[in-house]
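# Residue-level structural notes
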Amino acid sequence: MERIIKDTIHAAGIDIGIYTQDFENEFISLTDIARYKSDEPAAVIQNWMRNRDVIDFLGLWEKLHNPDFKPLEFEGFRKQAGANAFTMSPKKWIEATDSIGIVSKSGRYGGTYAHSDIAMAFATWISPELTPSQKAYTYASEADMLNVVLFGKTSKQWKDENPAAKGNMRDAATLNQLLVLANLESYNAVLINQGKNQQERMELLRQLAIHQLRTLETVGSASLPDLVKKQVP
């Protein structure tokens, strides 16, 4: 079992617990973030999870990152979300859907934790003041979303399909794919600052990836030097 690395980040005068096992996927305490708004953080989290948009977002994240996610149970929650009688809690969500993006921990440092993608959305809902202190974590964890946009799979899925391969999916990418990936990373950072949610960003990034890959394939690497020469004043 990989060793858990714990840390604390500070935002708007509160301490927020964070941990990681692989140095790529950070899990941030929703309980600590919720304390910014109320002395009853569990109630705040449950209230957030009642929203239809939140259920849609959580479901999309799981579909991208969790092969064991239960889509039928998710659709059931999705149809009920937003209704006055609808209730949702982290425990209910985790047990019903086999979620991995939200986890509940017990003990002295227990509470509800979520992957930084999800924690970012929660912090924005709580207060924009909490967002800047977490952006660095979001940029790092967005890498796998870009993998899905460009390659159609997560890094784990690629590794499972290529167990004997050295390096990772990006090491095996073509030059054109790496050029497009660099542009996607820059554009994604701009979209995050514009407040676009993950689904909106994925659609825009897919459009950009398709356009740029087609352009590069049409131009061809052999003609690039001629184009450079023509642009020199």
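Residues numbered from 1 in each chain as written. Predicted model: local features only at pLDDT ≥ 70, side-chain atom pairs only at ≥ 80, totals over all residues. Heavy atoms only, no water.

### Section: unusual backbone geometry
Positive phi is not limited to glycine here, since D98 has a value of about 60 degrees. Of note, D98 is situated in the loop between α5 (90-97) and β4 (102-105). (Helix = DSSP H or I, 4+ residues; strand = E, 2+ residues; numbered from the N terminus.)

### Focus: the environment of L213
The residue L213 is located in helix α11 (residues 198-219) in this model. If we skip the residues at most four places from it in the chain, L213 touches L150, N176, Q177 and V180. (Contact = heavy atoms within 4.5 Å.)

### Things to note about the confidence of the model for the protein
When pLDDT is averaged across the protein, the result is 80; 81% of the residues are at 70 or more. Averaged over each element, pLDDT in the protein is lowest for helix α12 (residues 224-231) (42) and highest for α5 (96). Across residues 221-233, confidence stays below pLDDT 50; counting only partners more than four residues off in sequence or on other chains, it has two contacts. (pLDDT = per-residue confidence, 0-100.)

### As for the pattern of salt bridges
Summed over all chains, the structure comprises six salt bridges. For the salt bridge of R35 with D32, the shortest nitrogen-to-oxygen distance reads 2.7 Å. Looking at R35, the relative accessible area reads 48%, which means it is partly exposed. Taking the relative accessible area as the measure of exposure, D32 reaches 16% and is therefore buried. Among the salt bridges present, the one from E161 reaches K153, with a minimum N-O distance of 2.7 Å. Relative accessible area serves as the criterion here: at 22%, K153 is assigned to the partly exposed category. One connected set of salt bridges, linked through shared partners, spans R52, D56 and R78. (Salt bridge = Lys/Arg side-chain N within 4 Å of Asp/Glu carboxyl O. Buried < 20%, exposed > 50% of the residue type's maximum accessible area, 1.4 Å probe, protein only.)

### Focus: the packing of helix α2 (residues 41-49) against helix α6 (residues 116-126)
For the pair α2 and α6, the least separation of the axes is 11 Å and the interaxial angle reads 100 degrees. Our classification of the angle between α2 and α6 gives roughly perpendicular. Contacts between α2 and α6 involve V44, I45, N47 and W48 on the former and, on the latter, I118, A121, F122, W125 and I126. Residue composition of the contact of α2 with α6, by class: eight nonpolar, one polar and no charged. (Axes fitted to C-alpha atoms, helices over the stretch in contact; angles between N-to-C directions. Parallel < 35°, antiparallel > 145°, perpendicular 65-115°, else oblique. Nonpolar A, V, L, I, M, F, W, Y, C, P; charged D, E, K, R; others polar.)

### Observations concerning the nonpolar core
In terms of nonpolar packing, the biggest core is built from 31 residues, with I33, L58, W93 and F122 touching the most fellow members. Elements that contribute at least two residues to this core include exactly β2 (14-20), α1 (30-34), α2, α3 (52-65), α4 (71-80) and α6. Contacts of W93, omitting those with residues within four sequence positions, involve M49, I55, L58, G59, E62, F69, F74, F77, M88, D98, S99 and I102. By size, the runner-up hydrophobic cluster in this structure holds 19 residues, among which are L60, M145, W158 and A209. (Core = buried A, V, L, I, M, F, W, Y, C linked by side-chain atoms within 4.5 Å.)

### Observations regarding the packing of aromatic side chains
The full count for this structure, using the stated rule, is six aromatic pairs. Here the aromatic rings of W48 and F122 are separated by 4.9 Å at their centres, their planes lie at 65 degrees, and the arrangement is edge-to-face. Within this pair, whereas W48 is found in helix α2, its partner F122 is found in helix α6, the two being separated by 74 residues in sequence. You can call W48 buried: its relative accessible area is 2%. Where F122 meets W125, the ring centres are 6.0 Å apart and the plane angle is 25 degrees; that geometry is what we call stacked. Of this pair, F122 and W125 are both found in helix α6, three residues apart, which corresponds to roughly one turn of the helix. Residue classification places W125 among the partly exposed residues on the basis of a relative accessible area of 31%. One aromatic cluster is present, formed by F69, F74, F77 and W93 through successive ring pairs. (Phe/Tyr/Trp six-rings, centres within 6.5 Å; stacked < 30°, edge-to-face > 60°.)

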